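Now for the letters of each chain:
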Amino acid sequence: MTSTSTSSTLLATFVGAAVLYAWLTRRAHGKLPPGPPGLPIIGNMLDMAHGRVWENFARMGETYGPVISLTIGATPIIVINTFEQAKQIFDAKGAIYSSRPSLFMSGELMGWKKSCGFLESGKDLIQTRRMIHQELGSMSQIRTFYPQEEDQARRFLGLVAEKPDRIVDHCFRHAGAIILRITYGYTAKDYDDEVITAVNKAMHTLVVATHPGLRGFLVDQFPILASLPEWVPGTHFKRLGREWAALYENMLDLPLNYTRQCLKDGTAENSFSAKWLRRGLPKDEEELLRHAAGSLEAAGAETTAVALHAFYLLMAIHPDVLKRAQAEVDEVCGHDRLPTYADREHLPYLQAVLKELARFHLSVPLAIPHTTTQDDIHDGYCIPKGSMIFSNLWAMARDSEMYPNPHKFDPDRFLGNTPNRDPYDFVFGIGRRRCPGRLLADASVFITSAMTLATFNIKPGKNASGERVVPCLEPGPDMVCLPKHFPLEITPRFSQEQMDVLIRGAH
Ligand code: HEM
């Protein structure tokens, strides 16, 4: 037998033993919520293997009810498919439903466990969320960042005017630049910015490491695999973990060192990190700040970029909505200036469009999984301590009882005397782990889309053979759900000279 086949046999034996151990040691719980029967040993692993897992979960909900269970190895997985149940669980019983599962690959090996989205319940989580809340959790704080937001949105328009065919890149760059500006006071370069590149690299590894189901890393389901020596084939995750941890550290240090330097030089702009560093934090709190600031970069950039890209696609798909929203913006702002935050209350149709955007394309369709810190009995079923809990936000957004004709993009559902439920009640999560960046996200999407409507027309673009391709909103399979790319035709609404005046306006 060659050494490779010996090692492969060893790995197979080890994985088999780990899976069998997990199966045999599943605790004798009460009755779990109903769910699809799993296969012996691997449980429901295959049900989570492919495609948009949230759609599979919603289909299972039609058969088994609003709260369903699946198992992989020893861990019960609970999926909550309705808003009502999610409120009962995350709001009313938040004390035991608000921790995070420990993910071996991303949390331990790659070092993300101190990032806000990964923190388990406890002192560090309370302090981290307090830090974020104090500077980004109220409208009075968010308003202090309006000048930076408006400036970044103008820069974005400039880039779109220059290279309209690179709209997806611009959305990602813009969302990253906003977060860097507000978190660190750092103004990113228009192209090839070093810090944006560092964030993108680290984020790419995080997305790969946290793929749901079978596409993820087996060590998350069976942490015992981490004790295998590195010469065993299949343990390449250990080397990857080390390399990817270095990318995470770089993403934290590069921009924070910039803020520290600016504070020393007396040139620091108003920012989340500058505000906290100025207070002179003790070492342990400064370490918390380092991860808290990094968690804003990680959680805030891609999610906002996805919303902006989806906005452009939806405007190309629905020319009637685009025209009506443009007409409203024109009526309030005229053609001589760009919209500002002060206009927001006079733009009810745009606000309805943005609510429908948030409902129709969910940036994070399954939220971030929670875990329970105690056994619970819910509606007569047992939810064991350590269960992994998914809020199926996508299923809530497509619930026909809350949203008649839920697969139709229809901003009018939020106007009139009996509007549908505000999707902001759940698209940012529910309960104690609700997104702490939601006010900032909303402010960024508002100003960018309002300024876009004022300056550009958006139409389906042409493919390589010159045929017009009507886009559709086809979501990808990842936890942060990127829509499929389609060519768009984005053209300025005014002459070059007028566009220059509009966009340069406040510079
Ligand atoms: C359209 C944009 C955004 C959407 C749809 C979104 C949505 C979400 C969702 C669904 C969660 C998980 C909630 C849960 O587990 O129950 C979350 C967590 C989080 N979000 Fe956002 N988010 C957005 C933008 C932002 C921005 C701009 C920031 C930062 C400035 C941010 C920071 C965070 C953080 C730090 C967490 C982790 C919270 C925790 O674990 O306690 N998000 N977000």
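Residues numbered from 1 in each chain as written. Predicted model: local features only at pLDDT ≥ 70, side-chain atom pairs only at ≥ 80, totals over all residues. Heavy atoms only, no water.

Engineer: Go over the overall build of the chain with me, naming the residues and quoting the values.
Structural biologist: Helix and strand counts for the chain stand at 19 helices and eight strands. Projecting the C-alpha coordinates of the chain onto the three principal axes gives extents of approximately 75 × 55 × 50 Å. Going through the 507 residues of the chain one by one, you find that 54% of them count as buried. Taking the intrachain contacts of the chain between residues at least 6 apart in sequence as the baseline, contacts between residues at least 24 apart amount to 72%. In the chain, 54 side chains carry a positive charge and 56 a negative one; their mean positions are 3 Å apart. (Helix = DSSP H or I, 4+ residues; strand = E, 2+ residues; numbered from the N terminus. Buried < 20%, exposed > 50% of the residue type's maximum accessible area, 1.4 Å probe, protein only. Contact = heavy atoms within 4.5 Å. Lys, Arg positive; Asp, Glu negative; His and termini not counted. Charge placed at Lys NZ, Arg CZ, Asp CG, Glu CD.)

Engineer: Tell me about the pairing of strand 6 (residues 388–391), residues and numbers included.
Structural biologist: The side-chain alternation of strand 6 yields two buried faces, one formed by M388 and F390 and the other by I389 and S391. Pairing analysis gives four bridges linking strand 2 (residues 75–80) to strand 6, with the strands arranged parallel. Along strand 6, the bridge assignment pairs I78 with I389. Here strand 3 (residues 370–371) pairs with strand 6 via two bridges, running antiparallel. By the bridge assignment, H370 is partnered in strand 6 with I389. (Pairing = 2+ DSSP bridges.)

Engineer: Before we move on, can you summarise the UniProt feature "binding site: heme" (unreviewed entry) in the chain with the specific residues and values?
Structural biologist: Taking the numbering used here, the UniProt-annotated feature "binding site: heme" (unreviewed entry) corresponds to C435. Mapping C435 onto the fold places it in the loop between helix 17 (393–397) and helix 18 (438–455). (UniProt positions renumbered as here; feature names shortened; annotations may be inferred.)

Engineer: Summarise unusual backbone geometry; cite the residues concerned and give the values.
Structural biologist: With phi around 50 degrees, D379 is a residue other than glycine that occupies positive phi space. Its location among the elements puts D379 in the loop between strand 4 (376–378) and strand 5 (381–383). Located in the positive-phi region is N405, a residue other than glycine, with phi close to 50 degrees. For N405, the location among the structural elements is in the loop between helix 17 and helix 18. Here N405 falls in the exposed class, since its relative accessible area comes to 52%.

Engineer: With reference to specific residues and values, describe the pattern of salt bridges.
Structural biologist: All told, the structure shown has 28 salt bridges when counted by the stated rule. Of the charged contacts in the structure, one is a salt bridge between D343 and R337, with a shortest N-O distance of 2.9 Å. Bridged by salt links that share partners, the residues D151, R155, R181 and E269 form one connected network. (Salt bridge = Lys/Arg side-chain N within 4 Å of Asp/Glu carboxyl O.)

Engineer: Can you break down the nonpolar core residue by residue, with the values?
Structural biologist: Counting residues in hydrophobic clusters, the biggest one holds 147 residues, and the most contacted among them are W112, F272, Y312 and M315. When residues in this core are grouped by element, the largest group, 16 residues, is from helix 14 (residues 283–317). Those residues in contact with W112, other than ones at most four positions away along the chain, are S106, G107, F118, A202, M203, L206, Y248, M251 and A298. (Core = buried A, V, L, I, M, F, W, Y, C linked by side-chain atoms within 4.5 Å.)

Engineer: Explain helix 6 (residues 123–136) residue by residue, including any values.
Structural biologist: Between its first and last C-alpha atoms helix 6 spans 20 Å; for 14 residues at 1.5 Å apiece the expected length is 20 Å, and the two agree. Listed in full, the buried residues belonging to helix 6 are L125, Q127, T128, R129, M131, I132, E135 and L136. Those residues of helix 6 that are buried are in contact with helix 7 (139–143), helix 9 (167–184), helix 13 (272–278), helix 14 and helix 18. (Expected span 1.5 Å × (residues − 1).)

Engineer: With reference to specific residues and values, describe the side chain of S69.
Structural biologist: Of note, S69 is situated in strand 1 (residues 67–72). Within the structure, S69 has its side chain in polar contact with the backbone oxygen of P33 (distance 2.5 Å). Apart from the residues within four sequence positions on either side, S69 is in contact with L32, P33, P34, G35, P36, I77 and I78. (Polar contact = N/O pair within 3.5 Å; in protein donor to acceptor, adjacent residues only side chain to side chain.)

Engineer: I'd like a description of the site of the ligand, backed by residues and values.
Structural biologist: Around the ligand, the structure places 25 residues, and the nearest of them are R100, R129, H370, R433 and C435. In this structure, an oxygen atom belonging to the ligand sits 3.4 Å away from a main-chain N or O atom of I368. Between the ligand and H370 there is a distance of 2.9 Å, counted from an oxygen atom to a side-chain nitrogen or oxygen. Contributions of two or more residues to the shell around the ligand are made by helix 14 and helix 18. Class assignment for the residues of the shell around the ligand results in 14 nonpolar, eight polar and three charged. (Near = heavy atom within 4 Å. Nonpolar A, V, L, I, M, F, W, Y, C, P; charged D, E, K, R; others polar.)

Engineer: Residue-level account of the packing of aromatic side chains, with values.
Structural biologist: Within this structure, the stated rule accounts for 15 aromatic pairs. Ring centres of F57 and F390 lie 6.0 Å apart, and the angle between their planes is 45 degrees; on these two criteria the pair is classed as tilted. Residue F57 is found in helix 2 (residues 53–64), and its partner F390 is found in strand 6; the two are separated by 333 residues along the sequence. Comparing F57 with F390 shows no difference in burial state: the two are buried. A centroid spacing of 5.8 Å and a plane angle of 55 degrees characterise the contact between F83 and F426, whose relative ring orientation is tilted. Here F83 is found in helix 3 (residues 83–91), whereas its partner F426 is found in the loop between helix 17 and helix 18, with 343 residues between them in sequence. Assigned by exposure class, F83 and F426 land together as buried. (Phe/Tyr/Trp six-rings, centres within 6.5 Å; stacked < 30°, edge-to-face > 60°.)

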